[in-house]
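# Topology and contacts: notes
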4 protein chains.
Amino acid sequence: MIFIDYNDKRPIYEQVTEKIQTLILNGVLESDSKLPSVRSLAMELSINPNTIQRAYSELEREGFIYSVKGRGNFVKMNENLIIKEQEKLLIKFKENVEELRARGILKEQALACINEAYEEVER
Amino acid sequence: MIFIDYNDKRPIYEQVTEKIQTLILNGVLESDSKLPSVRSLAMELSINPNTIQRAYSELEREGFIYSVKGRGNFVKMNENLIIKEQEKLLIKFKENVEELRARGILKEQALACINEAYEEVER
Amino acid sequence: MIFIDYNDKRPIYEQVTEKIQTLILNGVLESDSKLPSVRSLAMELSINPNTIQRAYSELEREGFIYSVKGRGNFVKMNENLIIKEQEKLLIKFKENVEELRARGILKEQALACINEAYEEVER
Amino acid sequence: MIFIDYNDKRPIYEQVTEKIQTLILNGVLESDSKLPSVRSLAMELSINPNTIQRAYSELEREGFIYSVKGRGNFVKMNENLIIKEQEKLLIKFKENVEELRARGILKEQALACINEAYEEVER
DNA sequence: GTGGTCTAGACCACG
DNA sequence: GTGGTCTAGACCACC
């Protein structure tokens with residue numbers, strides 16, 4: 001389910017954090033479902049358990065999961081979080097659009113990209 | 001003209017590189033115009049000359065400037081580079097749009113962002 | 001394995017870069033094998049770690065190695081790279097031949113050089 | 001006749017030296033013919049006279065030209081020099097061929113390059 | 001321990 | 001004065 005890209009310059013714990021975040025936000029991991037244990041996931045990806053531990057800590061800090069001592073880590077999903085993340089994404093998107101405009105990319109090109117991406121899904 | 005944000009996690013040399021790149025691509029710095037010398041810019045930003053040196057090296061490697069020993073660094077602009085950078089930007093944009101869609105943001109919202117950014121300029 | 005020639009006018013980092021490149025391209029260093037750490041190689045060659053760092057950065061930029069923070073630098077070999085380097089070499093070779101011709105060296109002499117070099121290996 | 005390439009990383013005086021050398025060795029400049037004066041060539045290329053001076057000094061040191069005080073610089077051609085330069089070229093060529101072989105380029109490819117370059121001239 | 005960035009200060013080649 | 005390289009020494013993030 002998770003893959004580590006050693007060509008990616010980002011730290012491993014961040015890659016893991018982000019991948020799990022995406023799985024949660026895209027609804028692949030349901031609320032209250034159990035995540036793999038720190039040690040088992042570490043073994044599966046053949047990386048240091050500390051790294052997984054750090055990823056899980058980050059996720060907990062950001063409110064994506066909760067941990068129960070002696071039982072494991074679980075997905076904590078709620079509408080608020082989804083909305084907050086959507087807002088973050090939109091802010092990033094607006095900055096991106098602004099950059100496009102500043103660099104002389106036409107409105108039509110931008111619109112075409114959107115149509116392209118969204119029509120794909122209707123198929 | 002250039003500002004260093006010490007809260008930004010990116011390295012200083014990268015911030016400088018990116019800022020100058022933007023100045024060139026947005027047409028603020030014209031082709032063959034002279035950039036400030038390594039030492040003077042370092043002093044102005046109160047950072048080490050080596051850091052500016054590195055930024056300038058990156059810019060040269062990427063084809064944005066050329067350096068002449070004993071004379072200075074100069075802007076090297078050409079159409080190809082502008083187009084190549086626009087393509088890069090569009091690819092990044094498409095990924096961004098794709099992410100929006102995956103996270104459940106409606107097409108209408110995306111279109112609204114674009115209209116907003118591009119209408120601003122018509123005013 | 002690596003030697004620095006202080007009579008060579010080229011910068012040290014470039015000599016190191018080139019030597020390691022050759023080791024990789026000639027198959028001496030296998031894919032995914034670990035390179036010596038920045039500090040240890042610096043000590044071995046009794047030069048500054050920054051210089052090795054720079055050599056490694058260049059190698060990474062050119063796609064010969066990849067670095068993993070906290071782990072080390074590793075050889076990244078692939079067929080594409082070998083072919084690309086062969087093409088570069090051939091282009092350089094053609095320029096060289098062209099120069100020979102312009103300077104009045106006979107075709108026979110050039111052919112003799114090639115026979116000499118390639119026969120050596122058949123022995 | 002001479003062009004300075006500011007994208008070339010070599011120093012200007014070296015570019016000038018090399019270009020004039022080539023002109024001499026290829027027989028474009030005949031023996032005892034007068035070279036342009038330091039100042040006029042400097043003006044023509046819009047570079048510093050010191051730079052031309054240095055190029056001419058190098059050429060004199062290597063035996064390609066001789067200078068007569070108050071009269072100017074003149075081409076000094078002789079068979080020995082041509083042969084010496086040819087030998088230099090051949091040594092460089094042999095190294096190049098050796099490199100080709102080490103990198104796994106086939107003898108046939110090398111021969112093809114030579115045939116190509118030399119047949120062109122027969123046309 | 002690893003790589004990566006930065007500073008301070010020095011030296012060289014070039015124009 | 002200009003860019004380019006190098007050293008020495010430091011600090012940080014990551015594993």
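A few points on the structure. Predicted, not measured: the structure shown is a model, and the values here were computed from it.

## Let's talk about the overall build of chain A
Counting secondary structure elements, chain A contains five helices and two strands. Across chain A, helices and strands are ordered from the amino to the carboxyl terminus as α-α-α-β-β-α-α. Taking 123 residues into account, the globule formula puts the C-alpha radius of gyration at 14 Å, and chain A, at 18 Å, lies well above it. The principal-axis extent of the C-alpha atoms belonging to chain A is close to 55 × 35 × 30 Å. When the 123 residues of chain A are sorted by exposure, 39% land in the buried category. Considering only contacts in chain A between residues 6 or more positions apart, those separated by 24 or more positions represent 49%.

## Description of the protein's contact with DNA strand E
Taken together, 26 residues sit near DNA strand E, with Ile12, Asn48, Asn50 and Thr51 of chain B together with Gln53 of chain C positioned nearest. Within 4 Å of the protein, the contacting atoms of DNA strand E are 67% sugar and phosphate, with bases supplying the remainder. Asn73 of chain C places a polar side-chain atom, nitrogen or oxygen, 2.9 Å from a phosphate oxygen of DNA strand E. When grouped by side-chain class, the residues that make up the surface near DNA strand E number eight nonpolar, 12 polar and six charged.

## Quick look at the interface of chain B and chain A
Contacts between chain B and chain A engage 33 residues on the former and 32 residues on the latter. The contact between chain B and chain A buries some 3,600 Å² in all, and 63% of this surface belongs to carbon and sulfur atoms. The salt bridge involving Glu119 of chain A is made with Lys107 of chain B; its shortest N-O contact spans 3.9 Å. The tally of links between chain B and chain A comes to nine residue pairs in polar contact (both at pLDDT 80 or more).

## Observations regarding the relation of the copies chain B and chain A
Aligned on chain A, chain B shows an RMSD of 0.2 Å; the corresponding rotation is 180° and the shift along the axis is 0.0 Å. What we have between these two chains is a two-fold relation. Minimal C-alpha distance to the rotation axis in chain B is attained by Leu111 of chain B, lying at 3.6 Å. Comparing interface residues between copies, 97% of those in chain B also sit at the interface in chain A, which points to an isologous, same-surface contact.

## So, the packing of aromatic side chains
On inspection of all chains with the given rule, the structure shows six aromatic pairs over all chains. With a centroid separation of 5.7 Å and 25° between ring planes, the pair formed by Tyr66 of chain A and Phe74 of chain A is classed as stacked. Tyr66 of chain A sits in the partly exposed class, given a relative accessible area of 26%. Consider the rings of Phe93 of chain C and Phe93 of chain D, whose centres lie 5.6 Å apart with planes at 15°: the pair is stacked. With Phe93 of chain C in helix α4 (residues 79-102) and Phe93 of chain D in helix α4 (residues 79-102), the pair connects residues from two separate chains. We note that Phe93 of chain C, like Phe93 of chain D, is buried.

## A word on the protein's contact with DNA strand F
DNA strand F sits among 27 residues. The nearest are Gln53 of chain B together with Ile12, Asn48, Asn50 and Thr51 of chain C. For DNA strand F, the fraction of atoms within 4 Å of the protein that belong to sugar or phosphate moieties is 70%. Within the side chain of Asn50 of chain B, one N or O atom sits 3.3 Å away from a base nitrogen of DNA strand F. Within the side chain of Asn48 of chain C, a nitrogen or oxygen atom sits 2.8 Å from a base nitrogen of DNA strand F. Of all elements in the fold, only α1 (12-25) and α3 (49-61) of chain A, α2 (38-44), α3 (49-61) and β2 (72-75) of chain B together with α1 (12-25) and α3 (49-61) of chain C reach the threshold of two or more residues within the surface near DNA strand F. With three residues, the single largest contributor to the surface near DNA strand F is α3 of chain C.

Here is what the cut-offs are and how they apply
- Residue numbers run consecutively from 1 along every chain, following the written order of its sequence.
- A letter from A marks each chain and a number from 1 marks each ligand, given out in the order of writing.
- Residue-level local features of this predicted model are given only where pLDDT is at least 70; pairs of side-chain atoms are given and counted only at 80 or more, and the full residue set underlies all totals for whole chains, interfaces and linings.
- Heavy atoms from the whole structure form the basis of all side-chain values; hydrogens and water molecules are not counted.
- Counting from the N terminus, the helices are DSSP H or I runs at least four residues long and the strands are E runs at least two residues long.
- As a reference, a globule follows 2.2 Å times the number of residues to the power 0.38, and the radius of gyration itself is taken over C-alpha atoms.
- Whether a residue is buried, partly exposed or exposed follows from its accessible area with a 1.4 Å probe, protein chains only, as a fraction of its type maximum: under 20%, in between, or over 50%, in that order.
- The contact definition used throughout considers only heavy atoms, calling two residues in contact when any of these lie within 4.5 Å.
- To be near a molecule or strand, a residue needs just one of its heavy atoms within 4 Å of it.
- Two N or O atoms form a polar contact when they lie within 3.5 Å of each other; inside protein one atom must be a possible hydrogen donor and the other a possible acceptor, and for residues adjacent in sequence the pair counts only when both atoms belong to side chains.
- In this classification, Asp, Glu, Lys and Arg are treated as charged, Ala, Val, Leu, Ile, Met, Phe, Trp, Tyr, Cys and Pro as nonpolar, and every other residue, Gly included, as polar.
- As a working definition, buried area equals the accessible area (1.4 Å probe) given up by two parts on being put together, with both sides summed.
- A carboxyl oxygen of Asp or Glu within 4 Å of a side-chain nitrogen of Lys or Arg is what we treat as a salt bridge.
- Least-squares superposition of the copies uses the C-alpha atoms of those residues scoring a pLDDT of at least 70 in each of them.
- Side-chain rings of Phe, Tyr and Trp, where Trp is taken by its six-membered ring, are said to pair if the distance between their centres is within 6.5 Å; with planes under 30 degrees apart they count as stacked, over 60 as edge-to-face, and otherwise as tilted.

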